[in-house]
Amino acid sequence: MATVVLKNVTKVFDQKVFAVRDANLEVADKEFVVLVGPSGCGKTTTLRMIAGLEEISSGEIYIDGRLVNDIPPKDRDIAMVFQNYALYPHMTVYENMAFGLKLRKYPRAEIDARVREAAQILEIGELLDRKPKALSGGQRQRVAVGRAIVRKPRVFLFDEPLSNLDAKFRVAMRTEISKLHDRLGATMIYVTHDQVEAMTMGDRIVVMDAGTIQQIDTPINLYDAPRNKFVAGFIGSPAMNFVEGTIEANTDTVFNAGSFRLPAPAHLESALHGYSGRRVVLGIRPESLLLGNDRVTSGSFGARVELVEPMGSETFVYVRAGNHGLIARVDAHVAPPNDSAIRLIPRPEKMHFFDAESGAAIRA
């Protein structure tokens, strides 16, 4: 397999629209890296530039140490799986999977061996004589992956391959692709807008927004230590709660949200002290908001329940604290009733703070 390196890669459309701006990324040999972000963030454009399907405006792309800026797609030794599968409707599954190898004039026996090996890996051996119209969405997706596998490329590229599947098949197929990565020991770069998909599949995740890479990290580090407010809000479901307020640093350092006040957590007290009199944003994940009793304590605040959403083993509780709306994730058996007054206790060690102007995380 191979490494993939992007150095200051930029893509500009019509000399004014920056689809990707100054992207730097190193994908290790056999690594599974996921590009994730909202629609229009530049993740698919980045993938297409790696594939050679989109010309870069500036920067350098290396595959296995070779500069590929001017190398056509067919000579980059990559295979790409598209969102719409791009299968030939008049060909059988076998013919679709063999087509690329026939164009490269591989011997018939080797083509047959590669196709049947890929079909066995993907458990589609019984489908080889069918045409795409006779397949389900999940089966078509497997065929598209199989067509890539038979190539035995140095790099696999996936452009939202599961977006056309229903929820149940999405979960099943992301598991299959992860197992396939382990089995092949392949270098894979995968694009999705689904942050749950990214968190469950990637060795590392590249979070993008407005054409810019916001953070590259492991799933757990993205979740626990987001670099900025965008990453914090994008990663996690339900999303992180945000509350804007002011830091007051007198005898104690306090976050004042207007309708409630919270002492600064110990691990950030020194850093927040320097923000005295300035606006900051508190970030707290739903599972880090604990239900308290009626007793008022300095580390809690009052709220009123607006909606209770049962999810089976857990419940999402939507509350209003002054003019701030928040979500708490609680055990299903202790959820409060609608329109009740409750107290919430943010776990201090799980509190995040961000600069209100730049969005950058405030670190210890």
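Just so we're clear, the structure is a prediction, and the values are computed from it rather than from any experiment. (Residues numbered from 1 in each chain as written. Predicted model: local features only at pLDDT ≥ 70, side-chain atom pairs only at ≥ 80, totals over all residues. Heavy atoms only, no water.)

Q: I'd like to hear about the pairing of strand E1 (residues 4-13), residue by residue, with values.
A: Judged from the 5 bridges that link them, E1 and strand E4 (residues 58-63) form a sheet pairing that is antiparallel. Residue pairing for E4: Thr-10 is matched across the bridge by Ser-58. Both E1 and strand E2 (residues 17-27) contribute to a ladder of 7 bridges, which runs antiparallel. Bridge pairing in E2 places Leu-6 opposite Leu-25. In textbook terms, the turn of a hairpin is the stretch between consecutive antiparallel strands, and for E1 and E2 this stretch comprises 3 residues, one of which, Asp-14, has a positive phi near 55°. (Pairing = 2+ DSSP bridges. Helix = DSSP H or I, 4+ residues; strand = E, 2+ residues; numbered from the N terminus.)

Q: Tell me about the layout of surface pockets, and please be specific about residues and values.
A: By volume, the largest pocket is sized at about 500 Å³. The set of elements that each furnish at least two residues to the lining of the largest pocket consists of strand E6 (78-81), helix H2 (93-103) and helix H4 (137-149). For the lining of the largest pocket, the leading source of residues is H2, giving 6 residues. Taken together, the residues of the lining of the largest pocket break down into 16 nonpolar, 2 polar and 4 charged. Counted as a void, the second largest pocket has a volume near 260 Å³. Forming the walls of the second largest pocket are 19 residues, and the residues nearest its centre are Asp-224, Glu-349, Lys-350, Met-351 and His-352. (1 Å grid on protein atoms, 1.4 Å probe; cavity = no way out; pocket = protein on both sides within 12 Å on 5 of 7 lines; lining within 4 Å. Points joined across faces, edges and corners; volume = space filled by probe spheres on them. Nonpolar A, V, L, I, M, F, W, Y, C, P; charged D, E, K, R; others polar.)

Q: Would you mind going over the sheet that holds E2 in detail, with residue names and values included?
A: In space, the 4 strands of this open sheet follow the order E2-E1-E4-E5, with antiparallel pairing throughout. At either margin of the open sheet sits one strand with a lone partner, and together these are E2 and strand E5 (66-67). Relative to E5, E4 is paired through 2 bridges, and the arrangement is antiparallel. Along E5, the bridge assignment pairs Ile-63 with Arg-66. On the sheet, helix H1 (residues 43-51) packs against E1, E2 and E4 and is oriented at approximately 115° with respect to E1. (Contact = heavy atoms within 4.5 Å. Axes fitted to C-alpha atoms, helices over the stretch in contact; angles between N-to-C directions.)

Q: A description of helix H5 (residues 167-184) should follow, citing residues and the corresponding values.
A: Taking 1.5 Å as the rise per residue, H5 with 18 residues should run 26 Å; its terminal C-alpha atoms sit 26 Å apart, in good agreement. The complete set of buried residues in H5 reads Arg-170, Met-173, Arg-174, Ile-177, Ser-178, Leu-180 and His-181. Seen from one end, H5 has its buried residues packed into an arc of 155°, which puts them on one side. Residues of H5 that are exposed and point over 90 degrees away from its buried face: Lys-168, Asp-182 and Arg-183. Turning to H5, the residues buried within the fold contact strand E3 (32-36), helix H3 (108-122), H4, strand E7 (155-159), strand E8 (187-192) and helix H6 (195-201). Phi for Gly-185, located one or two positions after H5, is positive at around 60°. (Expected span 1.5 Å × (residues − 1). Buried < 20%, exposed > 50% of the residue type's maximum accessible area, 1.4 Å probe, protein only. Arc of directions from axis to C-beta.)

Q: I'd like a rundown of unusual backbone geometry, residues and numbers included.
A: Cis geometry marks the peptide bond from Ser-237 to Pro-238; its omega dihedral reads 0°. Phi at Asn-8 is positive, roughly 50°, even though this residue is not glycine. Take Asn-8: it is sitting in strand E1. Located in the positive-phi region is Lys-30, a residue other than glycine, with phi close to 70°. In this structure, Lys-30 sits in the loop between E2 and E3.

Q: I'd like a rundown of the packing of aromatic side chains, residues and numbers included.
A: In total, this model carries 8 aromatic pairs according to the counting rule given. Considering the side-chain rings of Phe-230 and Phe-234, the 5.7 Å spacing of their centres and the 15° angle between planes classify their relative orientation as stacked. In this pair, Phe-230 and Phe-234 both sit in helix H8 (residues 229-234), 4 residues apart, roughly one turn of the helix. Judged by relative accessible area, Phe-230 falls into the partly exposed class, the value being 23%. For the pair Phe-260 and Phe-301, a centre-to-centre distance of 4.2 Å together with 15° between the ring planes defines the contact as stacked. Taken as a pair, Phe-260 in the loop between strand E12 (253-256) and strand E13 (261-263) and Phe-301 in strand E16 (residues 301-310) lie far apart in primary sequence, 41 residues in all. For Phe-260, a relative accessible area of 6% translates into the label buried. Here Phe-301 falls in the buried class, since its relative accessible area comes to 2%. Through pairs of rings, three or more aromatic residues link up here, namely Phe-32, Phe-156, Phe-158 and Tyr-190. For Arg-21, the ring lying beneath its charged end belongs to Phe-18, and the centroid distance is 3.9 Å. The ring of Tyr-223 carries the charged tip of Arg-285 above its face, separated from the ring centre by 3.9 Å. (Phe/Tyr/Trp six-rings, centres within 6.5 Å; stacked < 30°, edge-to-face > 60°. Lys NZ or Arg CZ within 6 Å of the ring centre and 35° of its normal.)

Q: Explain the environment of Ala-249 to me, and be specific about the residues and the numbers.
A: Along the chain, Ala-249 turns up in strand E11 (residues 241-249). Through-space distance from the C-alpha of Ala-249 to that of Ser-276 is 5.2 Å; in sequence the pair is 27 residues apart.

Q: Describe the environment of Asp-339, listing the residues and the values that go with them.
A: Relative to the helices and strands, Asp-339 is located in the loop between strand E18 (324-331) and strand E19 (341-346). For the pair Asp-339 and Phe-353, spaced 14 residues apart in sequence, the C-alpha to C-alpha distance is 29 Å. Among residues more than four places away in sequence, those in contact with Asp-339 are Arg-304 and Val-305.

Q: Outline the sheet that holds E16, listing residues and values.
A: In space, the 5 strands of this open sheet follow the order E15-E19-E16-E17-E18, with antiparallel pairing throughout. Two strands close off the open sheet at either side, each with one partner strand: strand E15 (289-291) and E18. In this sheet, adjacent strand axes meet at a mean angle of 50° when their direction is disregarded. Relative to E19, E16 runs antiparallel, the two being bridged by 4 bridges. Each residue of the ladder has a partner; that of Ala-303, found in E19, is Ile-342.

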